[in-house]
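Structural description and commentary
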Amino acid sequence: MKEEKKEFSLTADPRVYSAEALRLAAFVFSDRAEVCVKPGKGGLAVSFASAAPGFHPGDFMNEALNQQCRLDLAKKNSKAAGMIATKALLSAAGEKKKA
Amino acid sequence: MAQKNPAKRTSPAGPPQLLWRREGADCLVTNDFGHYAWLKCKDFNLLAAGSLGEKHPKYAELADKGFVRDRLDFEGLAAKWRSKNAYLGTGPGLHILVLTLRCNHKCLYCQSAAAGVGARNADMSVETARKSVDFALQSSNPAITIEFQGGEPLLNWEALKAAVLRARAGAKKAGKQVSLALVSNFSLMTEEKASFLVENEVSVCTSLDGPADLHNRNRLFSGGNSHAATIKWLKYFQERYKHQVPGYRTFKPSALLTVSRYSLGRHKEIIDEYVKHGLEDIFIRPLAPIGYAKKCWGQIGYGAAEFTKFYLASLDYIHKLNRNGTVIREKMAAMMLEKIVNSRDPGYVDARCPCGAAIGQIAYNYNGDLYTCDEGRMVGWEGDDTFRIGNVRADSYRKVMASAATRACVLSSNLESQPDCARCVYKPYCGVCPVYNYEVQGSLWGDMAANDRCGLFKGIFGALFALLKKPGGEAILKKWAGK
Ligand code: SF4
Ligand code: SF4
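Along each chain, residue indices are assigned from 1 in the same order as the chain's sequence is written. By the order in which they are written, chains take letters starting at A while ligands take numbers starting at 1. The predicted nature of this model means local features are confined to residues of pLDDT at least 70 and side-chain atom pairs, given and counted, to a pLDDT of 80 or more, with totals for whole chains, interfaces and linings taken over all residues. Heavy atoms throughout the structure, all of them, feed into the side-chain values; hydrogens and water do not.

A few points about the overall build of chain B
- Starting at the N terminus, helices and strands are each numbered in turn, a helix being any DSSP run of H or I of at least four residues and a strand any DSSP run of E of at least two. The helix and strand tally for chain B stands at 20 helices and 16 strands.
- At 24 Å, chain B has a C-alpha radius of gyration in line with the 23 Å of a compact globule built from 483 residues.
- Projected onto its principal axes, the C-alpha positions of chain B cover 75 × 55 × 50 Å.
- Three labels apply to residues, based on accessible area from a 1.4 Å probe with only protein chains included: buried if under 20% of the type maximum, exposed if over 50%, partly exposed otherwise in between. Every one of the 483 residues in chain B was classed for burial, and the buried ones make up 58%. It is over C-alpha atoms that the radius of gyration is taken, and the globule rule equals 2.2 Å times the number of residues to the power 0.38.

Given below as structure tokens:
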């Protein structure tokens, strides 16, 4: 028997979640639900349509939190991260980067 | 020249960059240079507050290892960092040529989801094999390994032979050190083929999953007894290794273990089997739910906790054997220890930052398509080309290194950009896998808090550091590193 596709909605606290984090999470979950993020009353309104069996909004919010942490970390660490990535890519391509 | 304003000192000075984890009454601390130290939690608190005085018994060790801000030996620490991360200065070292998708085995976990022996359009042509070797020789890495895989690569002997000869001739011209390796189930090995391989300095590696019943249960072979063929040729290559002759080096054969659900609980028998056949290394690799294995995960897979239990029991048993004088070491531990104990890069492409996808290894599919790694190729086999980085006939080396998939894997496997990893005590030695993340969690980045591969590494590192803390354990484990 096929489980019925479900619809859910929730409001994300804008002090914790940015719209970008929610959109990134929506992309990760694109094979599990159609996610719509819109400004809403008291935060960002997130609605889920055509959710696949087993989908749980809590999993989506975990992913959004993961994305938010990544965005926050990037603000702090992007210089070190960028240096490592650049060195790795240039060396692999056979180009030397001056220190 | 005008003097710059001296930097303002915050008092008391806290430690420089450090990562830590509490384990009962002790704390493990590590830093990006690859140093580690065990501290009592009360001493850790002093270190963190910047009030661990010079007279403290741990001071000298911590100062030497770069944990004391006023005593940083920048040159020494930078040299350590460079040595541990030497891979950042070179290009792909491992080049996997998938000579055929065909195989005469039907292994339960086979990630290459091999085609039947009679399948058409599943072999690499001789021309593509030569082109693949030429492509590999363009790598910016001065020392490369070309590994022949399948399917069962002996089913495409002509391409294998052509690639070996091309590589040997090309290495001289390119001024590169080229190692050649064959991964085979040995069931199609003949004296003539074996001699060609040995004389051309091709090292051989086979699969050995344990004693006959377990091996044959995992590795189904309608043409006979898979275990018997493996052992027969393992012995053959061991004999040739023992009796070196002038003109070429003969390498010791090695074996790969794949841990399926059926292996759990049988660690002693598996390790004994390796010892019995004269193998000095056992690589206890977890199965990953990638490609074909994802489909049958319910039957053959397991969780991080189950694997960690198996791994710890195996390490314990190997330790016991070592104490009794038996020579055998676990390869994953040995590679991690090379980083932990010697601050040297062991060349383990799956646990480094960024991971080796494309920039550390390339998989060459039978049709010339290039993938970030064999795992990326397996995703391609399922119809998703996210990890395809080009084609050996159509694309230049530089284009492949700059492809979208290459860059995406470099960025997403950068631990400095991973929220959990950036603060993790194991970061200096660990790595994440974009293919695993993509297959299991739906994005290249993954979410380490809920990631089983991360859980597995945490279990392995936890076990290794616990053993390093034991006085006797440290001596044995140090011998494993850099062997
Ligand atoms: S993958 Fe896990 S164990 Fe490895 S550095 Fe990241 S958080 Fe730590
Ligand atoms: S993507 Fe995964 S399998 Fe491929 S090189 Fe990176 S860590 Fe290894």
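Quick look at the site of ligand 1
- Surrounding ligand 1, one finds B:Cys421, B:Cys424, B:Lys427, B:Cys430, B:Val432, B:Met448, B:Cys454 and B:Lys458.
- Put simply, Ala, Val, Leu, Ile, Met, Phe, Trp, Tyr, Cys and Pro go in the nonpolar bin, Asp, Glu, Lys and Arg in the charged bin, and everything else, Gly too, in the polar bin. Tallied by class, the residues present in the shell around ligand 1 amount to 6 nonpolar, no polar and 2 charged. Consider each residue's heavy atoms; a residue with any of them within 4 Å of a molecule or strand counts as near.

Some remarks on the pairing of strand β3 (residues 43–51) of chain A
- One ladder, built from 7 bridges, connects strand β2 (residues 34–40) of chain A with β3(A); its direction is antiparallel. By the bridge assignment, A:Cys36 is partnered in β3(A) with A:Ser47. Two strands are said to pair when DSSP picks up at least two bridges between them.

Description of the sheet that holds strand β2 (residues 26–30) of chain B
Residues and elements named next belong to chain B.
- Here 3 strands make up an open sheet; going across it, the order is β1-β2-β3 and the pairing antiparallel. Two strands bound the open sheet, and with one partner strand each, they are β1 (19–23) and β3 (36–40). Geometrically, the sheet is characterised by an average inter-axis angle of 20 degrees between neighbouring strands, direction not taken into account.
- Where β2 and β3 come together, 5 bridges link them in antiparallel fashion. Considered in β3, the bridge of Asp26 is made with Lys40. Axis angles are defined between N-to-C directions and span 0 to 180 degrees, where every axis is a line fitted to C-alpha atoms and, for a helix, only to the segment in contact.

A closer look at the pattern of salt bridges
Residues and elements named next belong to chain B.
- Take a side-chain nitrogen of Lys or Arg and a carboxyl oxygen of Asp or Glu: if they are within 4 Å of each other, that pair is a salt bridge. Evaluated as defined, the whole model comprises 29 salt bridges over all chains.
- With its nearest N and O atoms 2.6 Å apart, the salt bridge here joins Arg266 to Glu269.
- Under the relative-accessibility criterion, Arg266 is labelled buried at 19%.
- Taking the relative accessible area as the measure of exposure, Glu269 reaches 37% and is therefore partly exposed.
- Overlapping salt bridges bring together Asp26, Lys40 and Lys469 as one network.

Topic: the site of ligand 2
- Around ligand 2 sit B:Asp350, B:Cys355, B:Gly356, B:Ala357, B:Gln361, B:Cys373, B:Glu375, B:Val432, B:Cys433, B:Pro434 and B:Val435, and those are all the residues in its vicinity.
- The residue inventory of the shell around ligand 2, partitioned by class, reads 7 nonpolar, 2 polar and 2 charged.

Brief notes about the nonpolar core
- Here the nonpolar core consists of buried residues drawn from Ala, Val, Leu, Ile, Met, Phe, Trp, Tyr and Cys, with membership extended through side-chain atoms lying within 4.5 Å. Core analysis: the largest hydrophobic core is formed by 128 residues, its most contacted members being B:Ile146, B:Phe148 and B:Phe465.
- With near-sequence residues (within four places) excluded, B:Phe465 lies in contact with B:Leu28, B:Tyr36, B:Trp38, B:Ile340, B:Tyr426 and B:Tyr429.
- In terms of nonpolar packing, the next biggest core, distinct from the first, is built from 16 residues, A:Ala51, A:Phe55, A:Phe60 and A:Met61 among them. Contact definition: two residues touch when any of their heavy atoms are within 4.5 Å.

Let's talk about unusual backbone geometry
Residues and elements named next belong to chain B.
- With an omega of 15 degrees, the peptide bond between Gly150 and Gly151 qualifies as cis.
- Its location among the elements puts Gly151 in the loop between β6 (143–149) and α5 (157–174).
- In the segment running from Cys353 into Pro354, the intervening peptide bond is cis, with an omega of -10 degrees.
- Residue placement: Pro354 occurs in the loop between α13 (331–342) and β14 (361–364).
- In this model, Phe186 sits at a positive phi of 70 degrees, which is unusual for a non-glycine residue.
- For Phe186, the position within the fold is in the loop between β7 (177–183) and α6 (191–199).
- Exposure remark for Phe186: the relative accessible area of 0% places this residue in the buried category.
- The phi dihedral of Glu201 is positive, around 55 degrees, even though this residue is not glycine.

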